[in-house]
Amino acid sequence: RKEVEQDPGPFNVPEGATVAFNCTYSNSASQSFFWYRQDCRKEPKLLMSVYSSGNEDGRFTAQLNRASQYISLLIRDSKLSDSATYLCVVQMNYGGSQGNLIFGKGTKLSVKP
Amino acid sequence: DTAVSQTPKYLVTQMGNDKSIKCEQNLGHDTMYWYKQDSKKFLKIMFSYNNKELIINETVPNRFSPKSPDKAHLNLHINSLELGDSAVYFCASSHEGPIYNEQFFGPGTRLTVL
């Protein structure tokens, strides 16, 4: 089983749609969770961290379910500029030090006019 | 100003050659990383390095070696290049600390081995 699994998509949605991405992780010791965004032929950039209580940043809402080892990202009112690949990322922390980031393969989103 | 920069952006070379990719960060970070993103877009850590410790992903062949002349630079040397080394290599940096500190990525180096 892969450490971080995502539906690769592509998700093709019209502008203004709401779209949700899901992600599962295999290691229950994972402690930090993130969504990164990667545009075509560009580097990944942090979109948002994911907190246990859930968190929102504008049109983006992230949720974490530790019991199910499941992370989600909801994008409301999709814009053309949201077209990108969304990477689910987990991290374990070891005795006060940061562990490496473990990336999912990403879910590709294409927002059409 | 570019925060994390890499050179070259593109690198095309023959099998068996030795090549280097350079990385520099001007963010004052103390930890740097190399990642490999293969043709299936899977992004995997290769190395993480700070002043104290080099952590190597055990799956990385020893043909790959990071070299850090100073805190702001972490170069990647690759010996005896193989076809399977073709990928995009990303450098990244962050502050060190017990909690998560955002990693900033360079623009990537697209390596093609012929």
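Keep in mind that this is a model prediction, so the values were computed, not measured.

*Asks:* Describe the side chain of Gln-69 of chain A, with residues and values.
*Replies:* Residues and elements named next belong to chain A. Looking at the secondary structure, you find Gln-69 in the loop between strand 7 (60-65) and strand 8 (70-75). What makes Gln-69 buried here is its relative accessible area of 16%. For Gln-69, the contacting residues outside a window of four places in its chain are Cys-23, Thr-24, Tyr-25, Ser-26, Asn-27 and Ser-28.

*Asks:* How would you summarise the state of the cysteines if you had to cite specific residues and measurements?
*Replies:* Residue and element names in this part refer to chain A. Here the structure, examined in full by the defined rule, presents two disulfides over all chains. The disulfide bridge from Cys-23 ends at Cys-88, spanning 2.0 Å between sulfur atoms. Because the sign of the S-S torsion sets the handedness, a value of about -75° for the bond joining Cys-23 and Cys-88 places this disulfide among the left-handed ones. On the criterion of sequence distance, the pair formed by Cys-23 in strand 3 (residues 19-25) and Cys-88 in strand 9 (residues 84-94) is long-range, its members being 65 residues apart. Take Cys-23: its relative accessible area is 1%, and that puts it in the buried class.

*Asks:* Explain the environment of Ser-80 of chain B to me, and be specific about the residues and the numbers.
*Replies:* Residue and element names in this part refer to chain B. You can see Ser-80 is positioned in the loop between strand 8 (73-78) and strand 9 (87-94). Judged by relative accessible area, Ser-80 falls into the partly exposed class, the value being 38%. Along the sequence, Ser-80 and Ala-3 sit 77 residues apart, while their C-alpha atoms lie 31 Å from each other. Aside from chain neighbours lying at most four places away, what touches Ser-80 is Gly-16, Asn-17, Asp-18 and Arg-63.

Calculation notes
- For every chain, the first residue of the written sequence is number 1, and numbering continues from 1 onward in sequence order.
- Numbering of ligands from 1 and lettering of chains from A proceed in the order in which they are written.
- Under the rules for a predicted model, residues below a pLDDT of 70 receive no local features and side-chain atom pairs below 80 are neither given nor counted, while totals for whole chains, interfaces and linings still include all residues.
- Note that water and hydrogens are dropped before the side-chain values are worked out from all heavy atoms of the structure.
- The helix and strand labels rest on DSSP assignments: H or I over at least four residues marks a helix, E over at least two residues marks a strand, and numbering proceeds from the N terminus.
- Relative accessibility under 20% of the residue-type maximum defines a buried residue, over 50% an exposed one, and the middle range a partly exposed one, all with a 1.4 Å probe and only protein chains included.
- Should any heavy atoms of two residues lie within 4.5 Å, those residues are counted as being in contact.
- Two cysteine sulfurs form a disulfide in these notes if their separation is within 2.5 Å.

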